[in-house]
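One letter stands for each residue in the lines below.
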Amino acid sequence: AYFAALNLIRRRHVAKNYICSKRRLLLVTGARMAEPLVLNSVIGFGGQIDNGLIVHPDGRTLIYPLGSTIVLRDRTDPRSQEFLQGHSDKVSCLALSRSGKYLATGQITYMGFTADIIIWDLESKQLLHRMALHKVKVQALDFSCDERYLASLGGQDDNALVLWDVQTGNAICGSPTATNFTTCVKFFNNSNDKLVTAGNFNLNVWTYDGVNNKLRPQDASLGTLKRVFKTISIDSSDQCVNCGTTTGDVLQIALERVLFKNTGPAKGNVQMGITASCEAPTGDLLVGGGDGSLQVLRTVPEPSSTNPKLLRKMPALAATKVEGAITSISLADVTSRSFNFYVGTAMCNIYKVTYEPATGRLKEELIQTAHAEKINGLAFPYEFSEVFATCGVGFIRLWHLSTCRELLRVAVPNLECHCIAFTTDGSAILSGWSDGRIRAFGPQSGKIIFTINDAHQKAVTAIASTSDSSKIISGGEEGMVRVWRLGRTSQTLEASMKDHKGSVNCIRVKAADDECVSASSDGSCIIWDLHTYKRRTSLFSNTFFKSVVYHPDESQLVTTGTDRKITYWDAYDGNAIRIIDGSDGDEVNALAVDRDGEAIVSGGGDKLVKLWGYDEGHCYFVGVAHSGAVSGIGVTPDKQRIVSVGTEGGIFIWDYQRPQTQVDI
C-alpha cells in the first residue's frame, strides 16, 4: 500500500503534499488525518472491577485495567509499562489462561448494544479475536484448564452463559443462566467440560455435552440457605468449591453431588460481605471482605469437638486489614517458608502481602495507590516539571512524574476538592472545597498553612495565584470572583466582583498581575482589571464556558465549553478571531497551551486528548485511553509530557509531540 500510494502520486500528481511517518503514509488531499498520541505511562488502577488484578505466571508482570486500557506493569518498576488498547469503553472483567499466553477482557457499553470480548496474545501483545454476543456488559470470564475454551457471562441485561473456542474465536454454545442475576463463573481445575456459576440465590454446576453441543446445569442443594454469591474458588483437586457471600460467610459445596458441606469463618461473618477469594498453595483459603479485612481460612474438614458427626466451621489462621473493600487476590511467589500474593481494593490500592504459615503472620505492603473516584483538577508548579498535583473527592495528591509514585497525600474527609493551584513561589498548594473554604497546604509536609473560612457562599470552583504570590483570586459556584491578600498571619478580602450569574469554572492571571480572566457557566468570560477591580471587557457566547487560557504572549485568549467549540479571542477588544470544532459530539472541558504557544491540548466528554497546532487550528494528534470524560489537562513546562486526568480516576501521561506542518518529500 505504501509503494502503491507513492506510484499514484508520481503518476497522476493528485496530491501535492503528504506526510510520511514510520507507521503509515498519510495522503493529504483536503483534511489532514490525525496521528495517535503516544501513551507513555499511567497512574491508576480499576480497583472496583472484581478480580481485576492478575499476576502473570512469568513472575514479573502485573495485569490490571484502567478505564478502557489494559496495563501490563513490571512488579518492581512502576515506570516499565505496556498497554493493550482495543476497547471502546470501560473494561469490566479480565481472565488469564493458565500458561499466561492468552488474556481475555470484556467491557461495558451502551444500552441496547453488544459488548465486546477481546482475546489478546500476550507473547506478541496483539489482538487475537474480537467477539460480540452479550448485551450491554460482560460480567465475568474464565479460561478452561487446557486453554481450549473461554466461558463468558453476560451482565444483568443479558444473563447468559456462552462457551467460546479460543483458537477460532467462534461461539460454541450458550444458555440462559438463571432467573436471578449471575455474577461469577469458574472452570474446574482438571476438567475442560465442567464449570461453576453463582449469583443472586443461584449456584449451578454446568457440564458441556459435546455430542449434542449443549450446556447442562445442575443446581446446588443448599437446603433452607439463601445466599447472594459474590466470589467462587475451586480447590486444586476439584473436590469442592468455596463460595463467598454478601452475608459474610463462606459456603463449601462438594462438587461430586453438588451438596452443602461446610461453612465459615468460625468466629462470625465478615463485615460487608466476602468480595474476593483465592486458594492458597497450602490448601487454605484466602478471603477478602468488603470492610478491607483479609483472612486465611482452613478448609480441610475437621470433626466438631462437641458433636463428632458434625464438621467444625472453617477457623481463621491469620488476619489483617487494608484500606478499601478487597476486590482481587492473586498469588505470586511461593517459597518453602512463605508465599506472596497481591491484593487490589476498591480504593484503587495495590498491596503485596506475605504469609508465613509457620508463624501465622500476614504482612502487607502498599506498592501502588491512585484516585478511586473522579479527578477534578490538575496543576504543575511554576517552571517545574518533575511533580504535579491532582484533586478529587476527599484527597489532594502530589505525584512524581517520572516514577509515577505518590509523594504526598492530603486527606479532608467528606468533602470534595474542586480546584487546585500552586503559588508561584511554590510555598503552598491552594485548593478550593465544596464547603466554601480555601485551604492552603505545605507541598512537602502536607500540613495546613491557612484556611479562609466562608470564602464563598457555595463551593469554591476556581482558584489562581498572582506571580508574586501575594494574592489569591478565587471563583465560586454562586458566581462571585474574589481577590484575597495574603499576609504573614492573615488573609484579607481585597475585592469581591459579582458580574457572573453562574458558576465560575476557570480563572487565569496575566504575568504582570494587572489583569485576570474568569470563565463562567453563564456564557460569559470577563476580563478584570486587578488595580480597579472592575470589568475591562467581556466575551459572550451561547455556551457554558469550561476553560480559558492565555496565549504566552497574552495577546489572545482561547476558550472552550459545552458548545464543542474552541474559540480564539482578541484579549484587547474581546472579538472572536477564529472558531474551530473541538469535538464532534461532546463538550470540551479542559484546555492547556505549551509555554511557547505552538500547540493547544484539549480534552472533554468524547474521552479523547487532542493536540492542536495553535496557528493552523488543525488537530495533529489524538490520544485514546480514557473511559470517562477528560476533566483536566496540562503540558509540562519543559514540553516533554502531557498529563490528562478523567472522571474514571485515571492519570494518563503522554509524550508531547510538536505539531508538524506539512513536509514536502
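Residues numbered from 1 in each chain as written. Predicted model: local features only at pLDDT ≥ 70, side-chain atom pairs only at ≥ 80, totals over all residues. Heavy atoms only, no water.

For the chain, an unreviewed UniProt entry supplies the name Cilia- and flagella-associated protein 52 and the organism Volvox africanus. According to UniProt, the comment filed for the chain under the heading Sequence similarities (unreviewed entry) is "Belongs to the CFAP52 family." (UniProt positions renumbered as here; feature names shortened; annotations may be inferred.)

Draft legend 1. Spatial organisation of the nonpolar core. If you look at the biggest cluster of nonpolar residues, it comprises 32 residues, and the most contacted ones within it are Ile 642 and Trp 654. Elements supplying a minimum of two residues to this core: strand E4 (39–43), strand E6 (61–66), strand E51 (588–593), strand E52 (599–604), strand E53 (608–613), strand E54 (619–624), strand E55 (630–635) and strand E57 (651–655). With near-sequence residues (within four places) excluded, Ile 642 lies in contact with Leu 37, Val 601, Leu 611, Ile 633, Gly 634, Val 635, Phe 652, Ile 653, Trp 654 and Tyr 656. (Core = buried A, V, L, I, M, F, W, Y, C linked by side-chain atoms within 4.5 Å. Buried < 20%, exposed > 50% of the residue type's maximum accessible area, 1.4 Å probe, protein only. Helix = DSSP H or I, 4+ residues; strand = E, 2+ residues; numbered from the N terminus. Contact = heavy atoms within 4.5 Å.)

Draft legend 2. Representation of the sheet that holds strand E13 (residues 138–143) in the model. Strands sit in the order E13-E14-E15-E16 across an open sheet of four strands; the sheet is antiparallel. Of all the strands in the sheet, the pair left with one neighbour each is E13 and strand E16 (171–176). Going across the sheet, the axis of each strand differs from the next one's by a mean of 15°, ignoring polarity. Summarising the sheet, strand E15 (residues 160–165) and E16 pair through five bridges and their orientation is antiparallel. Bridging across to E16, Leu 163 finds its partner in Cys 173. (Pairing = 2+ DSSP bridges. Axes fitted to C-alpha atoms, helices over the stretch in contact; angles between N-to-C directions.)

Draft legend 3. Region of the structure containing the environment of Asn 40. Among the structural elements, Asn 40 can be located in strand E4. If we ignore the near neighbours within four places in the chain, the residues touching Asn 40 are Phe 83, Arg 641, Ile 653, Trp 654 and Asp 655. Among the polar contacts made by the side chain of Asn 40, one reaches the side chain of Asp 655 at a distance of 3.0 Å. (Polar contact = N/O pair within 3.5 Å; in protein donor to acceptor, adjacent residues only side chain to side chain.)

Draft legend 4. Representation of the pattern of salt bridges within the structure. Applying the stated criterion across every chain, the model contains 23 salt bridges. Among the salt bridges present, the one from Asp 116 reaches Arg 130, with a minimum N-O distance of 3.0 Å. With Asp 116 in strand E11 (residues 114–121) and Arg 130 in strand E12 (residues 126–135), this residue pair connects regions lying 14 residues apart in the sequence. Its salt-bridge partner being Asp 499, residue Arg 535 comes within 2.9 Å of it at the nearest N-O pair. You can see Arg 535 sitting in strand E46 (residues 534–540) and its partner Asp 499 sitting in the loop between strand E42 (491–497) and strand E43 (504–509), a full 36 residues away along the chain. On the basis of relative accessibility, which here comes to 38%, the residue Arg 535 falls in the partly exposed class. Given the relative accessible area of 28%, Asp 499 is considered partly exposed. (Salt bridge = Lys/Arg side-chain N within 4 Å of Asp/Glu carboxyl O.)

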